[in-house]
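Below are the chains, spelled out letter by letter.
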Amino acid sequence: MKLLRLKSEPRFYYILIGEEIFDFAVTVPGDLRLTMPLDANEFLPIICQMRKRGNLLERHQKRLEKIGPEELRPFRRPFPPEDLDLPVHPTSFRDFYAFEAHVRNARRNRGLDMIPEWYEAPAFYFSNTACMLPHGAAVPKPVETEELDFELEVAAVIGMAGCNIPVEEADNYIAGFTILNDWSARDIQRREMKVGLGPAKSKDFATSLGPYLVTPDELEPRALPESGRGRRYDLTMKAFVNGQQISHGNLKEMHWTFAELIAHASRNTTLLPGDLIGSGTVGTGSLVEFPSGTYPWLRPGDVVRLEVDLLGTLENQVV
């Protein structure tokens, strides 16, 4: 199912069905019924619990679709896209580097070969949870950059606390997926990376997230055969700038699976409900991957639209 939050009522979760939204809290059956609004730390474990109990999420949505309109009238409303909030306010944000094509493309443009260490363990950096922006929000361009870029990614949202999570169990810790745009100032990033401590001010000014939290059962029709390394999904990913398509890739092209990212992230530490695990940029999913001059860097007024099959569309304008 597709879950969303509204700016006008940020503590409620809603289910999107067609062009209407339904208050999740008042429609959960039986002993899982929710009697008050919930934040992510309370809500996301319930999503995982429902998945464990015979895919209650799917049964719950089918039940919703069958309930008579009069019974549901108090709990339904038209979908208000202008009121969309972040699908989750992350407790932490680890952004990985899981697509080989992106790493190769970006390094090639800097005259660098692929590094063998990249294949030894998933690499990530921590970013800023205070700079998260929802679908439709304006993205302020840092005044000190002349090379503003987007990054087309998918993120998994952790639904249960866990430490030293095995790869074979890690997919069960995912409450849902969403689209992520890791906005980047490339000129600042080049200076920072020379120091050897990872990106900081080149990344911490904006990250877009949304529009929905899509539970894993919604993606099952696109799941690929199990390989023992965690689930993969066949989801086309595209990015557009001012209507011009720049990027085309697929989530199945991740070298490291989300299960492997989660297992690595949880080693010797605890992941919490609401933690965000970014996939990193899909191949061709950023301007920096193309030869110099292929596309201009982003400027105020530019509109960046990211599309991922089954996850929706995330759009923001640079200001």
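This text goes with the structure placed above it.
Keep in mind that what you see is a predicted model, and the values were worked out from it rather than measured.

S.K.: How should the pairing of strand E19 (residues 303–308) be read in this particular structure?
M.R.: Every other side chain in a regular strand lies on the same face of the sheet, so the side chains alternate between the two faces. Here E19 shows a buried face lined by Val304, Leu306 and Val308 and an unburied face lined by Val303, Arg305 and Glu307. The pairing of E19 with strand E20 (residues 312–318) spans six bridges and is antiparallel. Bridge pairing links Leu306 to Leu314 in E20. The loop that links E19 with its antiparallel partner E20 comprises three residues; one of these, Leu310, has a positive phi angle of about 70°.

S.K.: Looking at this model, I keep getting lost on unusual backbone geometry. Mind explaining?
M.R.: Most peptide bonds are trans, and most residues other than glycine sit at a negative phi. In the segment running from Gly210 into Pro211, the intervening peptide bond is cis, with an omega of 0°. Mapped onto the elements of the fold, Pro211 is located in strand E14 (residues 207–214). The backbone of Asn164 shows a phi angle near 50°, a positive value even though the residue is not glycine. Residue classification places Asn164 among the partly exposed residues on the basis of a relative accessible area of 43%. You will see that Leu310, though not glycine, has its phi angle at about 70°, which is positive. Looking at the secondary structure, you find Leu310 in the loop between E19 and E20. The exposure class of Leu310 is partly exposed, given its relative accessible area of 30%.

S.K.: How should the nonpolar core be read in this particular structure?
M.R.: General note: in soluble globular proteins, nonpolar side chains tend to be found buried as a group. Counting residues in each nonpolar core, the largest one holds 87 residues, and the members touching the most others are Phe150 and Phe258. Setting aside chain neighbours within four positions, we find Phe258 in contact with Val154, Ala155, Ala156, Ile174, Phe177, Leu251, Ile277 and Ser279.

S.K.: I keep staring at the pairing of strand E2 (residues 9–17) and nothing clicks. Help me out?
M.R.: Alignment of strand E1 (residues 2–6) against E2, held across four bridges, turns out to be antiparallel. Looking across to E2, one finds that Leu6 is bridged to Glu9. What sits between E1 and E2 in their antiparallel hairpin is a turn of two residues. Relative to strand E3 (residues 20–23), E2 runs antiparallel, the two being bridged by four bridges. Across the sheet, the residue bridging to Tyr14 is Asp23, located in E3. Hairpin geometry of E2 and E3 is characterised by an intervening segment of two residues between the two adjacent antiparallel strands and by a positive phi of about 65° at Gly18.

S.K.: I would appreciate a short explanation of the pattern of salt bridges in the present structure.
M.R.: Pairing is possible between side chains that carry opposite charge, provided their charged atoms lie close to one another. Within this structure, the stated rule accounts for 16 salt bridges. Here Glu218 makes a salt bridge to Lys2, at a shortest N to O gap of 3.2 Å. Taken together, the residues span a long stretch of sequence, with Glu218 in helix H7 (residues 216–219) and Lys2 in strand E1 at a distance of 216 residues. On the basis of relative accessibility, which here comes to 23%, the residue Glu218 falls in the partly exposed class. Residue classification places Lys2 among the buried residues on the basis of a relative accessible area of 17%. The closest approach of N and O atoms between Glu151 and Arg186, which form a salt bridge, is 2.8 Å. In this pair, Glu151 sits in the loop between strand E9 (148–149) and strand E10 (152–158) while Arg186 sits in helix H6 (residues 186–195), placing the two residues 35 residues apart along the sequence. Overall, the relative accessible area of 4% leaves Glu151 in the buried class. Connected through shared salt-bridge partners, Asp149, Glu151, Asp182, Arg186 and Lys203 make up one network.

About the thresholds
Residues numbered from 1 in each chain as written. Predicted model: local features only at pLDDT ≥ 70, side-chain atom pairs only at ≥ 80, totals over all residues. Heavy atoms only, no water. Buried < 20%, exposed > 50% of the residue type's maximum accessible area, 1.4 Å probe, protein only. Helix = DSSP H or I, 4+ residues; strand = E, 2+ residues; numbered from the N terminus. Pairing = 2+ DSSP bridges. Core = buried A, V, L, I, M, F, W, Y, C linked by side-chain atoms within 4.5 Å. Contact = heavy atoms within 4.5 Å. Salt bridge = Lys/Arg side-chain N within 4 Å of Asp/Glu carboxyl O.

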